[in-house]
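Here is how the chains run, residue by residue.
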Amino acid sequence: MRTKFITLILLIIISAFSVITLVLTRNDAPKKFSDIQKEVSTTGACPPYYLLTEDGDTINPAAGKNVDKPYSPKQTCGKCHNYETITMGYHFQQGKDEQADISLTNKAKWVSHPGNYGGNWCSPAPLYSYLSTKENTNEKLIDLTSYTFVNKCGVCHPGGGSLEYDRNGLRYDEVMSDTKFGFTDGAKNKLDGDYYKAKWKASGVIEADCFICHLPQYNNKKRINQIQKYNYKYAALAGSGLGTVKGSVAENKTVEVSYNVDMFNADGTLELMITGEPQNKACLSCHAKPGYKKRGADFNSKKDVHLNAGLKCVDCHQAGTMAGDERINKKEMHQFAKGDDPGGMVRNDLNNTMRTCTDCHYNGLFGAPLAKHNWLPDLHLDKIACQTCHIPERHVKSAHYVASDVFNPGTKIPTKGKHLWTFYGPNMKYWNHYGDLEMMGYDNKPTFAFKPELAKYKGKIYPVNRVHTSWAGILTEGEKGLMQPKMGDVYKMWMAFKKDHTQYPELAKITDDNNDKVIEINRPEEIDALIAATTNMLNKIDYPMKGKQVVWVMNNRIYKSATDFYEITMENWEASPYGNVHKYSHDIMPAKGAIGSKSCTECHSTKSDVFYAKFKTELFQYKIGAVASCLHRIDNCFCTRIFKTRTQLIHFTRTDVVR
């Protein structure tokens, strides 16, 4: 018995000693800071953290450690967050991780991916520049490279994806630094579309910059300034305001950085105000201007009931564990919920992951009023999208027709390539979009009221902007689809003509026929003149033209000459197979302003714009492009009789309405 008692006492002493030892060990040997970061970050709030270099070394401005190097978003944020999962998002990949659908490549031979990278950019029509292929045998065919894509598109790209890795999945700057590849900054580098004349070693790459969306005080203008100087790896530092950058890779001037020490703690750590959900201004820093051009989007609380009610972009376009759709509801997955727009082909497998009108207005989510359409037959809700009635009017002009075949003489157009895009608004009058944007800015857009066109898309009627196009293309014998000349070459052709009319004299035949002070192509002799001049230009610069010929494209017609043309198939919602179609979903009007809120005859009348609006099938006023006033039948979806009473309206059948 005594032996058992002594044993028990010894066990108690040993246990107590172990506990004391554990406590002392914890006090005497604290965890590494990186371990504490990982542990504390599970709470959702960022603890104090150090900036890290690309090599993972600590940057400590308070101690003067590594302050000559830019910080790495990948290393810094990736200590706690899954960088690989985050950058799988289509905002980062921009289509790089997808192959373009055959419906695209059978039309546009320059398309290799469905998104901005290698696809149709953010433009509503054929491009300023196209992405060159990875392997090239002729320097004349190289246009935009992955390196210059960063400079052009990186300003509206959060980094990662195509801004960080080449088409073989290798990091650009590491390839350039590895002697086994034999590449040199600024050299032709085997005409590789990722490395041709690139300076990846000096500029570095653009890693996914988390602060663009999650740091409210982020300065995107400063980021853009660095990207335009080819200071790629320095852009995140400038945009965040954590430091300043001097020098320019583009001008071969040494790039130097300095950190704003007063923004750091005494031990060199950071405690910035980080938001879990991006603010609207973060989204609009990239989406506002393209939305203006494509859809006349205003994103203004005065013109949108949802913004007026205080909703955020991410309330509908959710991501990660906040998303309602199981396809994207995963921790740190940055696949933002998206709709389904015929003008966008990126990640079609994620179409309709965003919140819909009915998610809120049938369930009262966010305090939304419950929609009651008791007077409206179910057929309407089956066949007509909510936006069709609730966006009866637009208040800002959009690009209705984009001519990429003539020189736009408008003032204040900021870059050379944009002079080759001539815009016409919904009223088919010339519109100097880029000049207006440069002069007035996005926030001071002039009001321009118009009623959207309607089109049937995947079984429902939507309000849309159907973009018309005209441009010079290259047809290759025996192959599907068209290529486009390099717009830089076309620009030089027009500049040579403007300087000396004996250069490409055929262009003198293209004149201003509608007295808007801008030339346009619409007469037979003008079509032939552009084809001849472009052909001469391509031959003069030794562009490989064997088996190829220049054509002129207007909507779905391919002109080999003014008298020899053929038509290509286009969808019923399109105005041109080469022009985007953009659905209207923002700038929603209140219910009292919706179509049909006053009476059924707002639609069911021969005076109604819903079924009998006039719209243009072709452009200008001559035989080649006559203005056509047609009944807007929405792809043969129209009423066969007008209902004058509520009783008649309720008792009509599907066959009465849809044919």
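Residues numbered from 1 in each chain as written. Predicted model: local features only at pLDDT ≥ 70, side-chain atom pairs only at ≥ 80, totals over all residues. Heavy atoms only, no water.

A few words on the nonpolar core. Residues Trp110, Trp494 and Leu507 are the most contacted members of the largest nonpolar core, which totals 66 residues. A per-element tally of this core places helix H21 (residues 524-540) first, with seven residues. In this structure, Trp110 is in contact with Gly118, Gly119, Asn120, Pro126, Leu127, Tyr130, Leu131, Trp471, Leu482, Met483, Gln484 and Tyr578, ignoring residues within four places of it in sequence. (Core = buried A, V, L, I, M, F, W, Y, C linked by side-chain atoms within 4.5 Å. Buried < 20%, exposed > 50% of the residue type's maximum accessible area, 1.4 Å probe, protein only. Helix = DSSP H or I, 4+ residues; strand = E, 2+ residues; numbered from the N terminus. Contact = heavy atoms within 4.5 Å.)

Time to look at H21. A rise of 1.5 Å per residue sets the reference length of H21, with its 17 residues, at 24 Å; its end C-alpha atoms lie 24 Å apart and thus fit the reference within 8%. By the burial criterion, the buried members of H21 are Glu526, Ile527, Ala529, Leu530, Ile531, Ala533, Thr534, Met537 and Leu538. Asp542 occupies a position one or two residues after H21 and carries a positive phi of about 65 degrees. (Expected span 1.5 Å × (residues − 1).)

So, on to the packing of aromatic side chains. Enumeration over the complete set of coordinates arrives at 29 aromatic pairs. Ring geometry for Tyr71 versus Phe211: centroids 6.1 Å apart, planes at 40 degrees, classification tilted. Separated by 140 residues along the polypeptide, Tyr71 in the loop between strand E2 (58-59) and helix H3 (73-77) and Phe211 in helix H10 (residues 211-214) bring together distant segments of the chain. Take Tyr71 and Phe211: they sit in the same class, and that class is buried. For the ring pair Phe423 and Tyr434, a centre distance of 5.4 Å and an interplane angle of 70 degrees mean the geometry is edge-to-face. Taken together, the residues span a long stretch of sequence, with Phe423 in strand E7 (residues 422-424) and Tyr434 in helix H19 (residues 433-440) at a distance of eleven residues. Exposure class is identical for Phe423 and Tyr434. Each is buried. Linked through ring pairs, Tyr147, Tyr172, Phe181, Phe183, Tyr195, Trp200, Tyr230 and Tyr232 together constitute an aromatic cluster. A cation over a ring is seen here: Lys540 above Tyr504, with NZ or CZ 4.5 Å from the ring centre. Stacked on the ring of Tyr462, the Lys or Arg Lys583 has its end atom at 4.1 Å from the ring centre. (Phe/Tyr/Trp six-rings, centres within 6.5 Å; stacked < 30°, edge-to-face > 60°. Lys NZ or Arg CZ within 6 Å of the ring centre and 35° of its normal.)

Our next topic: the confidence of the model for the protein. The pLDDT averaged across the protein works out to 87; a share of 86% of its residues lies at or above 70. Here residues 10-33 is modelled with pLDDT under 50, and outside its nearest four sequence neighbours on either side it reaches six contacts, counting other chains as well. Of the regions scoring below 50 in pLDDT, residues 36-41 engages in 14 contacts with residues more than four places distant in sequence or in other chains. (pLDDT = per-residue confidence, 0-100.)

Its location among the elements puts Lys281 in helix H13 (residues 280-295). For the pair Lys281 and Lys312, spaced 31 residues apart in the sequence, the C-alpha separation amounts to 9.7 Å.

Attention shifts here to the packing of H13 against H19. Helix-helix packing is described using two parameters, namely the angle between the two axes and the distance between the axes. Their axes nearest at 12 Å, the elements H13 and H19 cross at an angle of 140 degrees. Here H19 runs oblique to H13, going by the angle between their axes. Helix-helix and strand crossings are classified by hand; for H13 and H19 the assignment is right-handed. When H13 is examined against H19, the residues Lys289, Tyr292 and Lys293 are found in contact with a partner set consisting of His433, Tyr434 and Leu437. Each residue belonging to the contact of H13 with H19 can be placed in one class, and the counts come to three nonpolar, one polar and two charged. (Axes fitted to C-alpha atoms, helices over the stretch in contact; angles between N-to-C directions. Parallel < 35°, antiparallel > 145°, perpendicular 65-115°, else oblique. Left-handed = near helix turned anticlockwise from the far one by under 90°. Nonpolar A, V, L, I, M, F, W, Y, C, P; charged D, E, K, R; others polar.)

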